[in-house]
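Secondary and tertiary structure notes
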Amino acid sequence: MAKTTPGEFFRQVRSEASKIHWPSRQETVTTAIFVGLMTLLLAVFFLGIDALFGWIVSSLLSLIG
């Protein structure tokens, strides 16, 4: 395997970094809002599921004791 000199390495890094597509501010804001809404939606969903299972378990335990 051929050794790469530090100069060549940094030229390759600069070349690869120039290929990166950075999102615009609008894309970043839109994505952040979407992620926040989906997180909130999933939190409410799992809160409901947890409450339902808690109610089922407490109902079943009340039958025993």
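You'll find the structure just up there.
Notes on the structure in this doc start here. (Residues numbered from 1 in each chain as written. Predicted model: local features only at pLDDT ≥ 70, side-chain atom pairs only at ≥ 80, totals over all residues. Heavy atoms only, no water.)

1. Quick notes on the overall build of the protein
- Along its length, the protein carries two helices and zero strands.
- Over its C-alpha atoms the protein spans a radius of gyration of 26 Å, topping by over 25% the 11 Å that the globule rule assigns to 65 residues.
- Dimensions of the protein along its principal axes, counting C-alpha atoms only, are 75 × 40 × 10 Å.
- Residues counted as buried form 0% of the 65 residues belonging to the protein. (Helix = DSSP H or I, 4+ residues; strand = E, 2+ residues; numbered from the N terminus. Rg over C-alpha atoms; globule rule 2.2 N^0.38 Å. Buried < 20%, exposed > 50% of the residue type's maximum accessible area, 1.4 Å probe, protein only.)

2. Describing the packing of aromatic side chains
- Counted according to the given criterion, the structure contains two aromatic pairs.
- An angle of 70° between the planes, with centres 5.4 Å apart, marks the rings of Phe 9 and Phe 10 as edge-to-face.
- Centre to centre, the rings of Phe 45 and Phe 46 are 5.1 Å apart; their planes meet at 70°, and the pair counts as edge-to-face.
- Overall, the relative accessible area of 52% leaves Phe 46 in the exposed class. (Phe/Tyr/Trp six-rings, centres within 6.5 Å; stacked < 30°, edge-to-face > 60°.)

3. Looking at the environment of Phe 34
- Mapped onto the fold, Phe 34 is located in helix α2 (residues 25–64).
- Along the chain, Phe 34 and Leu 63 lie 29 residues apart, while their C-alpha atoms are 44 Å from each other.

4. Some remarks on the pattern of salt bridges
- All told, the structure shown has two salt bridges when counted by the stated rule.
- Note that Glu 8 and Arg 11 form a salt bridge whose closest N and O atoms lie 3.2 Å from each other. Taken together, the residues span about one helical turn, with Glu 8 and Arg 11 both in helix α1 (residues 6–17) at a distance of three residues.
- Here Arg 11 falls in the partly exposed class, since its relative accessible area comes to 48%.
- The salt bridge partner of Lys 19 is Glu 16, with a shortest N-O separation of 3.1 Å.
- Residue class for Glu 16 comes out partly exposed when judged on its relative accessible area of 48%. (Salt bridge = Lys/Arg side-chain N within 4 Å of Asp/Glu carboxyl O.)

5. Some details on a nonpolar patch on the surface
- Residues Leu 52, Phe 53, Trp 55, Ile 56, Leu 60 and Leu 63 make up a contiguous nonpolar surface patch of about 670 Å² in total accessible area.
- Looking at where Leu 63 falls in the secondary structure, it is placed in helix α2.
- A relative accessible area of 69% means that Leu 63 is categorised as exposed. (Patch = residues over 30% accessible without salt bridge, like charges linked within 9 Å, V, L, I, M, F, W, Y side chains within 5 Å. Areas by Shrake-Rupley, 256 points an atom, 1.4 Å probe, with all protein chains shown as cover.)

No statement about biological role is implied by the geometric values presented.
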